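# A look at the structure
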Amino acid sequence: MEDITAVLNKKAALDVSAQQSISVTKVLDPEIDLGTLLSFDSNDFDTQQLRSDQEKYLTNETRNNVQLLINKLFELPMKNEDGYMYVDLPEPRYNLPREKPLPTPKPLTKWQKFAIEKGIKKTPKPKATWDEILQKWIPTYGYKKAAADKEKDWVLEVPGNAADPNIDLFAQKREAKKERVAKNEYQRLRNIAASRKIKVPAVGLPPLEGTLHSNQLKTAVDVAKISTASVGKFQPKISKEVVSIKKNIPGLKKNKIPAKSMKDEKSSSLQILESINNKKPKFNLEKAANKAIHAEEVE
C-alpha cells in the first residue's frame, strides 16, 4: 500500500513540474498585434543554448511567445453566447499580405432573389416520411427514395382519356424525369453564367431588348424553319424570303453529296487505277540474287 502511494505522489510531482507557468518574463516585451494574432520578439538569442540544443530552445521560445499572446487575449472583455465564451478582436495594426484575394460573396440565383422580394422563407423538410402503402419510413431523397418509388409504382393505371391505351407509362415517366434533370442542369449553368457576367448565346428568337442586326433576324428565321418534325423539309417559303446559307444551326442536317453519273464514276475509277499502276514497286537486288542462287542449287 505504501509503495502505491509513493508512486502516485511521484507521478503527481512530475506532472506539476512538467506544467509551465503562464507568467513569462523577458528583457524586452514582444510587440503583439491582437487583430492579426501577430507577435514580434526583438530579444536576442541565447547563442550557447541555441548551439547546445537548437530544437528544445526554439520550442521553448515559441511556447513563451504564444503564452504571452494568449495572456493578452484573456485581458479582452469576454462574451458568452449559447454557452460559448469568445472575445472580439480589435482592429489590426498591420496589413499582412494574402496569397489569394478575399473571397467574394456568392451571387444570388433568380429564385433566391424572388424569394427575398416576396418574403418566402425556406422551411426545412423532414429527412424521412411515413409511407402508408409500404408501411415504412422512406427517405425524402437519395437512392433509397428511388428504390421505394419503384417498389410502390410497380403498376400504373392508364387514364381514361388517354389517346393510346397501349402507351408505355413507365417510359413516359422516365422521359419526364430526364427532362426535369436536364432543365435543372440548364438553369444551374445559366446561374453560373449570370454570376460570372457571361452572355449566354440566344438560340431561336433573339431578345427584344436593344437593336437587332439583320443577321440575327435571318438566323432566327432559319432556326424557326428547321424546328419542325421534318427539319424544315416540307416548310413552305415565305413571300420575299431571301435564301441564306444555313451554318452552325442546331438540328440542321448536312447536305448529301449528289450522285455522280456513270461517265464521271468511270473516269474517277480509272484515275484511281492509273495512280496505283504508276507507283513503281521497290526492287531488292540482294534478295532477288539470293533467290536465284537458291533456285540453281536446288536444280
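Use the structure listed above.
One structure accompanies this document, and this report is about it. All figures in this text were calculated on a predicted structure; none of them were measured in a lab.

Cut-off values and rules
- Residues numbered from 1 in each chain as written.
- Predicted model: local features only at pLDDT ≥ 70, side-chain atom pairs only at ≥ 80, totals over all residues.
- Heavy atoms only, no water.
- Helix = DSSP H or I, 4+ residues; strand = E, 2+ residues; numbered from the N terminus.
- Contact = heavy atoms within 4.5 Å.
- Areas by Shrake-Rupley, 256 points an atom, 1.4 Å probe, with all protein chains shown as cover.
- Phe/Tyr/Trp six-rings, centres within 6.5 Å; stacked < 30°, edge-to-face > 60°.
- Buried < 20%, exposed > 50% of the residue type's maximum accessible area, 1.4 Å probe, protein only.
- Pairing = 2+ DSSP bridges.
- Core = buried A, V, L, I, M, F, W, Y, C linked by side-chain atoms within 4.5 Å.
- Salt bridge = Lys/Arg side-chain N within 4 Å of Asp/Glu carboxyl O.
- Polar contact = N/O pair within 3.5 Å; in protein donor to acceptor, adjacent residues only side chain to side chain.

### Quick notes on the overall build of the protein
Each helix and strand in the protein was counted, giving nine helices and six strands. Taking the intrachain contacts of the protein between residues at least 6 apart in sequence as the baseline, contacts between residues at least 24 apart amount to 40%. Of the roughly 28,200 Å² that the protein leaves accessible, carbon and sulfur atoms contribute 58%.

### What to know about the packing of aromatic side chains
Taken as a whole, this structure holds four aromatic pairs when the rule is applied. Consider the rings of Phe40 and Tyr94, whose centres lie 5.3 Å apart with planes at 55 degrees: the pair is tilted. Placement of Phe40 in strand E2 (residues 38–40) and of Tyr94 in the loop between strand E4 (84–86) and helix H4 (110–118) is noted, with a sequence separation of 54 residues between them. For Tyr94, a relative accessible area of 29% gives the class partly exposed.

### Considerations on the pairing of strand E6 (residues 136–139)
Each regular strand displays side chains that alternate between the two surfaces of the sheet. Pairing analysis gives four bridges linking strand E5 (residues 128–131) to E6, with the strands arranged antiparallel. Bridging across to E6, Trp130 finds its partner in Trp137. Counted between consecutive antiparallel strands, the loop separating E5 from E6 contains four residues, among which Gln135 sits at a positive phi close to 60 degrees.

### So, the nonpolar core
In terms of nonpolar packing, the biggest core is built from six residues, these being Val24, Ile32, Leu34, Leu68, Leu69 and Leu76. The residues contacting Ile32, other than those within four sequence positions of it, are Leu38, Ser39, Leu68, Leu69, Lys72 and Arg93.

### Description of the pattern of salt bridges
On inspection of all chains with the given rule, the structure shows seven salt bridges. Residue Glu61 pairs with Lys26 through a salt bridge whose shortest N-O separation is 3.2 Å. With Glu61 in helix H3 (residues 54–74) and Lys26 in the loop between helix H1 (2–18) and strand E1 (31–33), this residue pair connects regions lying 35 residues apart in the sequence. Comparing Glu61 with Lys26 shows no difference in burial state: the two are buried. The shortest N-O distance in the salt bridge between Arg188 and Glu185 comes to 2.6 Å. Taken together, the positions of Arg188 and Glu185, both in helix H6 (residues 169–195) and three residues apart, correspond to about one turn of that helix. A single salt-bridge network, built from bridges that share partners, covers Lys26, Asp41 and Glu61.

### A look at the environment of Ala148
Topologically, Ala148 is positioned in helix H5 (residues 143–152). Taking relative accessible area as the criterion, Ala148 reaches 5% and is therefore assigned buried. Here the alpha-carbon distance between Ala148 and Asp131, two residues 17 residues apart in the chain, equals 9.5 Å. Leave out the neighbours within four places in its chain, and Ala148 touches Leu134 and Ile138.

### With respect to the side chain of Asn43
Here Asn43 lies in the loop between E2 and helix H2 (47–52). Separated by 2.8 Å, the side chain of Asn43 and the backbone oxygen of Leu28 make a polar contact. Within the local environment of Asn43, its side chain forms a polar contact with the side chain of Asp41, the two groups lying 2.6 Å apart. Leave out the neighbours within four places in its chain, and Asn43 touches Lys26, Val27 and Leu28.

Nothing here speaks to function; it is geometry throughout.
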